[in-house]
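# Overview (structure and organization)
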Protein chains: 2
Amino acid sequence: MAKPIPTIKEIARKLNVSASTVSRALHDHPRIGLKTKERVKKLAGELGYEPNSQAIFFKQQKTFVIGVILPSIREEFFSQAISGIEAVTTQSDYTILFAQSYDDYKREVIVAETMKRQRVDGLIISLSKETTKLQHLEAFKEMNIPVVYFDRVPAGDACHKVSCNMKTGTVEMIHWLFSEGLKRIAIINGPKALFASKERLAGYMEGMQQHKLKVDMQLVEETDFSEDSTYKAVSNLLSLKKLPQAIISFNDYVHMDAVKAALKKKVKVNRDLLFVSYSNLNITGYTSYPPAASIEQYPYEQGKMAAEILFQLLNNKQNTDQSYIRQQLIPKLVLH
Amino acid sequence: MAKPIPTIKEIARKLNVSASTVSRALHDHPRIGLKTKERVKKLAGELGYEPNSQAIFFKQQKTFVIGVILPSIREEFFSQAISGIEAVTTQSDYTILFAQSYDDYKREVIVAETMKRQRVDGLIISLSKETTKLQHLEAFKEMNIPVVYFDRVPAGDACHKVSCNMKTGTVEMIHWLFSEGLKRIAIINGPKALFASKERLAGYMEGMQQHKLKVDMQLVEETDFSEDSTYKAVSNLLSLKKLPQAIISFNDYVHMDAVKAALKKKVKVNRDLLFVSYSNLNITGYTSYPPAASIEQYPYEQGKMAAEILFQLLNNKQNTDQSYIRQQLIPKLVLH
DNA sequence: TTGTAAGCGTTATCAA
DNA sequence: TTGATAACGCTTACAA
């Protein structure tokens, strides 16, 4: 059954020509005999010859593979993002080596190692929520493998990254809430380590101050994204003497858990207490209590842009220009 | 800036030993001098040596990469499945080359080609809903690359596959509906070409007959999974003279669209008309009208089993045993 | 205990 | 127009 894959050598042997001739014939090299070319192509077709990319890549020191590491593909945000990445890579005949960190720093290090060993030509990553150190990724740079971060990006300037300016988005959100007459605005933020959390907080502060609203730190809660943690955050907010009039959740998943918690506590969701969120995912459309407003973060576009930046870097490898590319998308407030 | 990745040769040169010694030292070959071993390892560490897997794989004629082709990772079903696959591959130091067919046959062919060129060691695939011909996948067999299908599997016997026995599941569902006193049971099935659709229909027929219920083909609708198509199916059912008492949707996404449609038509969902479904996805828990019952299809387990079968095949490559492995999971009816 | 050399499949360079 | 050869990085039989 094992009809082995023919190699150039075999074709050469059967045709009594040299391997290089076969190679050239298959590549339509200009100065190769027409007859030879045809003979070679014919036999190659019959034998079902397939060039061995492993060998080619090995020789070229390229793999035509880019690594993609995401916290969790189950989140619609990331599944959309990877589709954006895929849209770009397909065009360039690149493929995607995929792995999840499951928001676990150790796993992120391990899968990064694996991808490094696999010699991916480039890496696109959205950091795990636990990640603070970046040695495992700095290592790529040393090997001259470009790394592009997106969405969950490091704070510093010394990296290529794509993200949504959540500060701006949050300011806009508060602006809208204020215009609706709401002044006691709470936020359930993500883990402090996340850059995205810092941005949200900064936007929260700035937005409140712009409208001369007092910032009450009791209104600032935090979740590690587990349902329990979000439940606790909601509990805390609902046990305050002065109840909040609106809750901004870190994203739509937190939002859904927050609503669940609020309903248990008999809150009249979006009547007594307005829930708003980030991400603007499709699934909220099917839920009982979608957020009254959500900030669209364009995951597909973020993925696409990250991939585009990566290819830009790959094509300028020898380029001495060592500046970093940083793109910020302007999020859009979507009312529901 | 380009500190190039050191190779075995360089280490050998700097240490005035041969490349083979370095290779053996790094692999803890038993009969290599302790001192040499240490010297080599030390320098390798200092230089940040990383074995070039490309070269190793090239030599071993293996890639330690398996291809995974899914219709759409945005569906929770498939994102759970790939996590199951990943759980297995990680243990064996394999990585996943990932691509989506977007339920487009042509795309499926293209990405399959790409993976073949990349010489994946094996392939796991869930077919696009358009796929009827399998040449693009037969080609893998000829190259001795094992292929394992899961969930959306071909009908024939001549392949390795994992799926949930949806016939059994559907019979069980009808059994339960009957026990709830419902007799006019409609089904919104998927495209006829899908094996999964055939199984559901077979189960529907059998279930109805078991309970001596008349099978009325007007109660059997079909959707191509688009919201419009599902809307039309629901419309048709609701315009029947004798209205159905229950609707079985192909999966939870169809279910959600079906409910949306029914609500537009002023149906009292799950009161006048009971909605049940397949998949038992988490997201339905957040929706206003989760299915009254859903058939758990164990996507994570299916992915895991498919990967396990694949590794079994990879480890028995020379094995002459050419029988096909076919696994069926028994789905579970989950009441909500 | 270590070194030498061949080989994996392909392509590029040089020579014929 | 075609052929011979070397090279990519690594492993491994065989030789020393």
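Note that the structure is a prediction, hence the values are computed from the model and not measured.

### Focus: the pattern of salt bridges
Using the criterion set out here, one finds 27 salt bridges over all chains in the structure. For Asp-216 of chain A, the salt bridge goes to Arg-184 of chain A, with nearest N and O atoms at 3.5 Å. Highlighted residues: Asp-216 of chain A in the loop between α9 (195-210) and β7 (220-222) and Arg-184 of chain A in the loop between α8 (166-179) and β6 (185-189), separated in sequence by 32 residues. We classify Asp-216 of chain A as buried; its relative accessible area is 18%. The partner of Asp-28 of chain B in a salt bridge is Lys-41 of chain B, with the nearest N and O atoms 2.9 Å apart.

### Some words on helix α6 (residues 105-117) of chain B
Along its 13 residues, α6 of chain B runs 19 Å from first to last C-alpha, staying within 8% of the 18 Å computed at 1.5 Å per residue. Residues of α6 of chain B that are buried: Arg-107, Glu-108, Val-111, Ala-112, Thr-114, Met-115 and Lys-116 of chain B. Against the buried residues of α6 of chain B lie α5 (76-91) and β2 (95-100) of chain A together with β1 (65-70), β2 (95-100), β3 (122-125) and α7 (135-142) of chain B. Put simply, Asp-104 of chain B is the residue that caps the front of α6 of chain B, since its side-chain oxygen is 2.9 Å from the backbone nitrogen of Lys-106 of chain B. Backbone geometry just downstream of α6 of chain B places Arg-119 of chain B in the positive-phi region, at approximately 55 degrees.

### Some remarks on the interface of chain A and chain B
Of the residues lining the interface, 51 residues belong to chain A; the matching set on chain B comes to 51 residues. For the pair chain A and chain B, the two sides together bury roughly 5,100 Å², of which 51% comes from carbon and sulfur. Linking chain A with chain B are six salt bridges, by the criterion used here. Note that Arg-117 of chain B and Asp-93 of chain A form a salt bridge whose closest N and O atoms lie 3.8 Å from each other. On the surface where chain A and chain B come into contact, there are 25 residue pairs in polar contact (both at pLDDT 80 or more). Every element with two or more residues in the side of chain A that touches chain B is listed here: α4 (53-60), α5, β2, α6 (105-117) and α11 (252-264) of chain A. Alignment of β2 of chain A against β2 of chain B, held across three bridges, turns out to be antiparallel. Following the sheet pairing, Leu-97 of chain A is matched in β2 of chain B by Leu-97 of chain B.

### Looking at the sheet that holds β2 of chain A
The strand order β11(A)-β5(A)-β4(A)-β3(A)-β1(A)-β2(A)-β2(B)-β1(B)-β3(B)-β4(B)-β5(B)-β11(B) describes an open sheet built from 12 strands, whose pairing is mixed. Looking along the sheet, the strands with just one partner apiece sit at the ends: β11 (326-329) of chain A together with β11 (326-329) of chain B. Averaged over all neighbouring strand pairs, the angle between strand axes comes to 20 degrees, with direction disregarded. Judged from the three bridges that link them, strand β3 (residues 122-125) of chain A and strand β4 (residues 147-150) of chain A form a sheet pairing that is parallel. Note on β4 of chain A: the bridge partner recorded for Ile-124 of chain A is Val-148 of chain A. Each of β1 (65-70), β2, β3 and β4 of chain A together with β2 of chain B touches α5 of chain A; the most contacted strand, β1 of chain A, lies at about 170 degrees to it. Of the strands in this sheet, β1, β3, β4 (147-150), β5 (160-164) and β11 of chain B are in contact with helix α12 (residues 299-315) of chain B, which crosses β5 of chain B at around 165 degrees.

### Notes on the protein's contact with DNA strand C
Around DNA strand C sit 26 residues in total, of which Tyr-49 of chain A together with Ser-20, Thr-21, Gly-33 and Thr-36 of chain B are the nearest. Between DNA strand C and the protein, one listed contact pairs a phosphate oxygen with a backbone N or O atom of Ile-8 of chain A at 2.7 Å. Within the side chain of His-27 of chain A, one N or O atom sits 3.0 Å away from a phosphate oxygen of DNA strand C. Breaking the surface near DNA strand C down by element, the ones donating at least two residues are α1 (8-15), α2 (19-26) and α4 of chain A together with α2 (19-26) and α4 (53-60) of chain B.

### Here's the deal with the UniProt feature "domain: HTH lacI-type" (unreviewed entry) in chain A
If you check UniProt for "domain: HTH lacI-type" (unreviewed entry), the listed places come out as residues 6-60 of chain A in our numbering. Between the C-alpha atoms that bound residues 6-60 of chain A there is a distance of 21 Å. The span itself is 69% helix and 0% strand.

### Describing the protein's contact with DNA strand D
The full set close to DNA strand D counts 26 residues, and Thr-21, Arg-24, Gly-33 and Thr-36 of chain A together with Ile-8 of chain B are the nearest of them. Put simply, 56% of the atoms of DNA strand D that lie within 4 Å of the protein are in sugar or phosphate. Here Gln-61 of chain A contributes a side-chain N or O atom positioned 3.1 Å from a phosphate oxygen of DNA strand D. A distance of 3.1 Å separates a phosphate oxygen of DNA strand D from a polar atom in the side chain of His-27 of chain B. Only α2 and α4 of chain A together with α1 (8-15), α2 and α4 of chain B provide two or more residues apiece to the surface near DNA strand D. Residue composition of the surface near DNA strand D, grouped by class: eight nonpolar, 12 polar and six charged.

### Digging into the pairing of strand β5 (residues 160-164) of chain A
Residue and element names in this part refer to chain A. Counted residue by residue, β5 has five buried out of five residues, so it is predominantly covered. Both faces of β5 are covered, namely the face carrying His-160, Val-162 and Cys-164 and the face carrying Lys-161 and Ser-163. Of the strand pairs in this sheet, β4 and β5 are connected by three bridges, and their pairing is parallel. Residue Tyr-149 lies in a different strand from β5, and its bridge partner there is Lys-161. Alignment of β5 against β11, held across four bridges, turns out to be parallel. Residue pairing in the sheet places Lys-161 in a bridge with Arg-326 of β11.

Thresholds applied
Along each chain, residue indices are assigned from 1 in the same order as the chain's sequence is written. Working convention: letters from A go to chains and numbers from 1 go to ligands, in the order in which they are written. For a predicted model such as this one, the threshold for reporting local features is a pLDDT of at least 70, and the threshold for listing and counting side-chain atom pairs is 80 or more; totals across whole chains, interfaces and linings nevertheless cover every residue. For the side-chain quantities, the full set of heavy atoms in the structure was used; hydrogens and water were omitted. Salt bridge, as used here: a side-chain nitrogen of Lys or Arg that lies within 4 Å of a carboxyl oxygen of Asp or Glu. Note on conventions: DSSP H or I runs of at least 4 residues are helices, E runs of at least 2 residues are strands, and numbering of each starts at the N terminus. When a residue's accessible area, from a 1.4 Å probe over protein chains only, is under 20% of the maximum for its type it is buried; when over 50% it is exposed; and in between it is partly exposed. One less than the number of residues in a helix, times 1.5 Å, gives the span that helix is expected to have. We call two residues contacting when some pair of their heavy atoms lies within 4.5 Å. Contacts described as polar in this section are N or O atom pairs within 3.5 Å, which, within protein, must combine one atom able to donate a hydrogen with one able to accept it, while residues neighboring in sequence count only if both atoms come from side chains. By buried area we mean how much accessible surface two parts lose on assembly, using a 1.4 Å probe and totalling the loss over both. When DSSP finds at least two bridges between two strands, those strands are taken to pair. Between the N-to-C directions of two axes lies an angle of 0 to 180 degrees, each axis being a line fitted to C-alpha atoms and, for a helix, fitted only over the stretch in contact. One heavy atom within 4 Å of a molecule or strand is enough for the residue carrying it to be called near that molecule or strand. UniProt positions are given in the numbering used here, feature names are shortened, and annotations may be inferred rather than shown by experiment. Just so you know the grouping, Ala, Val, Leu, Ile, Met, Phe, Trp, Tyr, Cys and Pro go in nonpolar, Asp, Glu, Lys and Arg go in charged, and all remaining residues, Gly too, go in polar.

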